[in-house]
Amino acid sequence: MTAAYLRAAFGDRLDVTLVESTTVGSIGVGEATFSTIRHYFDYLGLDEAEWLPNCDGSYKLGIRFENWSTPGEYFYHPFERLRDADGFSLAEWWLKLGDHRRPFDRECFITSALCEARRSPRFLDGSLFAGDLDGSSGRSTLAEQRAQFPYAYHFDADKVARFLAGYSVDRGVRHVVDDVVHTAQDQRGWITHVVTRDHGDLAADLFVDCTGSRAELIGKVLGEPFISFQDVLPNNRAVAIRVPHECPGRMNPYTTATAMEAGWLWTIPLLHRDGNGYVYSDEFCTPEQAERTLRRYVAPRGDDLEVNHIAMRVGRSRESWVKNCVAIGLSSAFVEPLESTGIFFIQHGIEQLVKHFPDRQWDRALAQSYNTRIARAVDGVKDFLILHYRAAGRDDNQYWKAAKTRKATDTAEECMEGARVHLWDQETIYPHYHGFESYSWNTIWLGMGNRPERFRPALAHMDPAPASAEFAKLRAQARRMVKELPSCHEYLSQPGS
Ligand SMILES: Cc1cc2nc3c(=O)[nH]c(=O)nc-3n(C[C@H](O)[C@H](O)[C@H](O)COP(=O)(O)OP(=O)(O)OC[C@H]3O[C@@H](n4cnc5c(N)ncnc54)[C@H](O)[C@@H]3O)c2cc1C
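Fair warning: this is a prediction, and the values are worked out from it, not measured in the lab.

Participant: Help me understand the site of the ligand in this model?
Facilitator: Taken together, 26 residues lie around the ligand, and Val-24, Ala-32, Val-180, Leu-330 and Ile-343 are the ones closest in. Here an oxygen atom of the ligand sits 3.3 Å away from a polar atom, N or O, in the main chain of Val-29. Residue contributions to the shell around the ligand peak at 3 residues, all from helix H10 (residues 342-355). In terms of residue class, the shell around the ligand is made up of 13 nonpolar, 9 polar and 4 charged.

Participant: How do you make sense of the sheet that holds strand S17 (residues 274-280) when you look at a structure like this?
Facilitator: Strands pair in a sheet through their backbones, by hydrogen bonds, and they do so in one of two ways: parallel or antiparallel. Across the sheet, which stays open at both edges, the 7 strands sit in the order S4-S3-S15-S16-S17-S14-S18 with mixed pairing between neighbours. Two strands lie at the open edges of the sheet, namely strand S4 (74-78) and strand S18 (308-311), each paired on one side alone. Direction aside, the axes of adjacent strands within the sheet are offset by 20° on average. One ladder, built from 5 bridges, connects strand S3 (residues 62-66) with S4; its direction is antiparallel. The residue of S4 that forms the bridge with Gly-62 is Pro-78. Packed onto the sheet, helix H14 (residues 438-447) meets S3 and S4 and runs at close to 180° relative to S4.

Participant: What is the right way to look at the pattern of salt bridges in this model?
Facilitator: A side chain with one charge can pair with a side chain of the opposite charge if their charged atoms come near. In this structure the tally under the stated criterion is 29 salt bridges. In this structure, Asp-186 and Arg-188 form a salt bridge, with 3.0 Å as the shortest nitrogen-oxygen distance. Relative accessible area serves as the criterion here: at 21%, Asp-186 is assigned to the partly exposed category. Using a relative accessible area of 51% as the deciding quantity, one classes Arg-188 as exposed. Bridged by salt links that share partners, the residues Glu-31, Asp-156, Asp-158, Arg-242 and Arg-273 form one connected network.

Participant: Would you mind going over the sheet that holds strand S21 (residues 325-327) with me for this structure?
Facilitator: Pairing is mixed in the open sheet, where 3 strands are placed in the order S12-S21-S20. Strands at the two margins of the open sheet, each flanked by one partner only, are strand S12 (207-209) and strand S20 (321-322). Looking at chain direction, S20 and S21 are connected through 2 bridges and run antiparallel. Looking across to S21, one finds that Trp-321 is bridged to Val-326.

Participant: So what exactly am I meant to see when it comes to unusual backbone geometry here?
Facilitator: Where the residue is not glycine, phi is negative for most of them; where a peptide bond is considered, it is trans in most cases. Cis peptide bonds are those with omega within 30 degrees of zero, and the linkage from Ala-299 to Pro-300 qualifies with 0°. Along the chain, Pro-300 turns up in the loop between helix H9 (287-298) and S18. Despite not being glycine, Trp-362 shows a phi value in the positive range, around 50°. By secondary structure assignment, the location of Trp-362 is in the loop between H10 and helix H11 (364-391). The class of Trp-362 is partly exposed, set by a relative accessible area of 23%.

Participant: Would you mind going over the nonpolar core with me for this structure?
Facilitator: Soluble globular proteins tend to pack their nonpolar side chains together in the buried interior. In terms of nonpolar packing, the biggest core is built from 141 residues, with Trp-68 and Tyr-278 touching the most fellow members. In contact with Trp-68, other than residues within four places in its own chain, are Ala-257, Thr-258, Ala-259, Trp-264, Leu-338, His-388, Tyr-389, Ala-392, Gly-393, Arg-394, Trp-400 and Met-448.

Participant: Help me understand the environment of Ala-299 in this model?
Facilitator: With respect to the helices, strands and loops of the structure, Ala-299 is situated in the loop between H9 and S18. Measuring from C-alpha to C-alpha, the distance between Ala-299 and Val-243 comes to 9.5 Å, with 56 residues separating the pair along the chain.

Participant: When you look at helix H2 (residues 37-44) in this model, what are you seeing that I'm missing?
Facilitator: Residues three or four positions apart in an α-helix share a direction because the helix packs 3.6 residues into each turn. For H2, the buried fraction is high: 8 of the 8 residues fall into the buried class. Those residues of H2 lying buried are Ile-37, Arg-38, His-39, Tyr-40, Phe-41, Asp-42, Tyr-43 and Leu-44. Those residues of H2 hidden inside the fold are in contact with helix H1 (2-10), helix H3 (48-51), strand S7 (152-154), helix H7 (157-170) and H10. The first or second residue beyond H2 is Gly-45, which carries a positive phi of 75°.

Participant: I would appreciate a short explanation of the packing of aromatic side chains in the present structure.
Facilitator: Here a ring pair, both rings aromatic, is described through the centre-centre distance and the interplanar angle of the planes. Taken as a whole and assessed by the stated rule, the structure comprises 37 aromatic pairs. Summarising the aromatic geometry, the rings of Phe-41 and Tyr-153 are spaced 6.4 Å apart at their centres and angled 90° between planes, so their arrangement reads as edge-to-face. Highlighted residues: Phe-41 in helix H2 and Tyr-153 in strand S7, separated in sequence by 112 residues. As far as burial versus exposure is concerned, Phe-41 and Tyr-153 are alike and both buried. With a centroid separation of 6.3 Å and an interplanar angle of 65°, the aromatic rings of Phe-109 and Tyr-439 are classed as edge-to-face. Here the residue Phe-109 occupies a position in the loop between helix H5 (104-108) and helix H6 (111-116), and Tyr-439 occupies one in helix H14, the gap between them amounting to 330 residues. Grouping residues by exposure puts Phe-109 and Tyr-439 together as buried. Members of the aromatic cluster, connected to one another through ring pairs, are Tyr-5, Tyr-40, Phe-41, Tyr-43, Trp-51, Tyr-59, Phe-149, Tyr-151, Tyr-153, Phe-155 and Tyr-491. Its end group placed over the ring of Phe-149, Arg-38 keeps NZ or CZ at 3.8 Å from the ring centre.

Participant: Whenever I open this one, the environment of Thr-196 confuses me. Can you help?
Facilitator: With respect to the helices and strands, the residue Thr-196 is situated in strand S10 (residues 191-196). On the basis of relative accessibility, which here comes to 4%, the residue Thr-196 falls in the buried class. Taking the C-alpha atoms as reference points, Thr-196 and Asp-179, separated by 17 residues in sequence, lie 5.4 Å from one another. Sequence-distant contacts of Thr-196, that is, excluding residues within four places in its chain, are made with Val-19, Asp-178, Asp-179, Val-180, Val-181 and Leu-202. For Thr-196, the side chain forms a polar contact with the side chain of Asp-178, separated by 3.3 Å. In this structure the side chain of Thr-196 is engaged in a polar contact, spanning 3.1 Å, whose partner is the backbone nitrogen of His-199.

Participant: Help me understand H10, please; the structure alone is not making it clear to me.
Facilitator: Along its 14 residues, H10 runs 20 Å from first to last C-alpha, staying within 8% of the 20 Å computed at 1.5 Å per residue. Counting buried positions along H10 gives 12 out of 14 residues, so the element sits mostly inside the fold.

Participant: Where do I start with the side chain of Glu-437 in this structure?
Facilitator: Counting through the fold element by element, Glu-437 comes out in the loop between helix H13 (410-418) and H14. The contact partners of Glu-437, leaving out residues within four places of it in the chain, are Arg-81, Gln-145, Gln-148, Gln-426 and Ile-429.

Participant: How should I be thinking about the pairing of strand S15 (residues 255-260) in this particular structure?
Facilitator: Side-chain positions along a regular strand alternate between the two faces of the sheet. Across the 6 residues of S15, 6 count as buried, placing the element largely inside the fold. What you see with S15 is no split at all: Thr-255, Ala-257 and Ala-259 on one side and Thr-256, Thr-258 and Met-260 on the other are buried throughout. Relative to S15, S3 is paired through 4 bridges, and the arrangement is parallel. Residue pairing across strands places Phe-65 opposite Ala-257, the latter belonging to S15. As judged from the 5 bridges shared by S15 and strand S16 (residues 263-269), these two strands associate in the antiparallel manner. Within S16, the residue paired with Ala-259 across the bridge is Trp-264. Taken together, S15 and the strand that follows it, S16, pair antiparallel across an intervening segment of 2 residues.

Basis of the calculations
Residues numbered from 1 in each chain as written. Predicted model: local features only at pLDDT ≥ 70, side-chain atom pairs only at ≥ 80, totals over all residues. Heavy atoms only, no water. Near = heavy atom within 4 Å. Polar contact = N/O pair within 3.5 Å; in protein donor to acceptor, adjacent residues only side chain to side chain. Helix = DSSP H or I, 4+ residues; strand = E, 2+ residues; numbered from the N terminus. Nonpolar A, V, L, I, M, F, W, Y, C, P; charged D, E, K, R; others polar. Pairing = 2+ DSSP bridges. Axes fitted to C-alpha atoms, helices over the stretch in contact; angles between N-to-C directions. Contact = heavy atoms within 4.5 Å. Salt bridge = Lys/Arg side-chain N within 4 Å of Asp/Glu carboxyl O. Buried < 20%, exposed > 50% of the residue type's maximum accessible area, 1.4 Å probe, protein only. Core = buried A, V, L, I, M, F, W, Y, C linked by side-chain atoms within 4.5 Å. Phe/Tyr/Trp six-rings, centres within 6.5 Å; stacked < 30°, edge-to-face > 60°. Lys NZ or Arg CZ within 6 Å of the ring centre and 35° of its normal. Expected span 1.5 Å × (residues − 1).

The following block contains the structure:
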């Protein structure tokens, strides 16, 4: 992703070399994305028809959270902003006017209805259901996002990496398939070159460490400390498996996150298979128990298939840019994959690198500004994830009891205190850019069954008619879209889609 983007940004005014090992594997997971990923592909000038079918890709309209409040209950966290009526979000109006026997998300979003009916976000002619959001955003970046694009992707991450390596090489990136076995530094500690097994020394001005949680350069060579988040986010292991679809022809256009005894389990439907994994805390579950739980969940599909046990390094590098090395990906930061943020962090890191790209003066202020933005984005997601565990309605075993009482960061505590009185807005969630908007915070909070003490007092003095009309319009639009849109499977299995 980084090599391709640097090439797209700087063309041949910058020489880029991509070094990849065939002996050190990649992590082999990371298949669900954010809807902001469209800016990445648009920036590269890639239409989804060019890459999606090559990468086993499918659509993701949001995340379905199952069993987080009580067994059998679920809600969707969609890529859809809440609408407003008379200056207040529909969620605020729902607290006052809504039928509280109906789940909040089904009343306030169109996307929930599309997920329930397994609809594609595109009509068979390729047009988007929310036509005003269609069209390439050109070379836009995260900073220019004005609207919430209604879908993201599920894909085979290894295939995407291969596709992007090919894209990069076609545009002049040098691709070296080899192992880095040694790193040389000058007397200041700056990296002068890396030594590969078969291709000799590779010198450069700037080194981007994309070596995953090994953090070969930023951690091992430069010694930058890693700040663990385990005190507030205790899940530290995962076990993953790739299985055939349960019911070919019935593709869910969403990721499912199902709460389990000691964590939660993901289901990511790709075009030709599902990715499943159990994220858990080893304080409450052994790897063998986790594997049994996962196998039971997907049975009989995974019975003869191998699983991938993964130790998760949850936290962030104190600084992601040190001397002439910038860490991007798992080498920089990772929080558990509950909101699919790993690839978003990569995209954000790359964009910030382009914005802060140095010249030979190496102005320290550029690196400092970069580090601040990366740290804030990661810390904001950390707070948002803490909210998930605090908001969860479950307290049926030690794992979930501990999740509700575990200490949180001061910033998360402050945000959560705010929701006691009224729902969040952009002023009251974590204050720096972290990819999530207030509607996401509110969706998780309300979706898991929480409510402020009462609805906004101001609404008692206002005419509810505009809000009622907006709810009625939303319901009518949802009914029409469900009727007119093809199923996700039908759309993606069309020849040439
Ligand atoms: C359990 C789990 C689930 C996840 N799910 C999601 C998800 O749904 N959505 C999401 O956005 N993110 C997810 N992530 C995060 C996501 O997997 C990563 O952000 C993403 O895969 C990027 O990884 P990476 O490139 O940093 O590291 P890796 O995939 O580990 O790649 C490291 C690369 O460095 C190379 N390398 C290492 N050492 C050397 C060396 N000495 N010489 C040469 N090359 C070397 C390797 O060959 C490899 O290509 C998940 C992570 C985990 C742990």
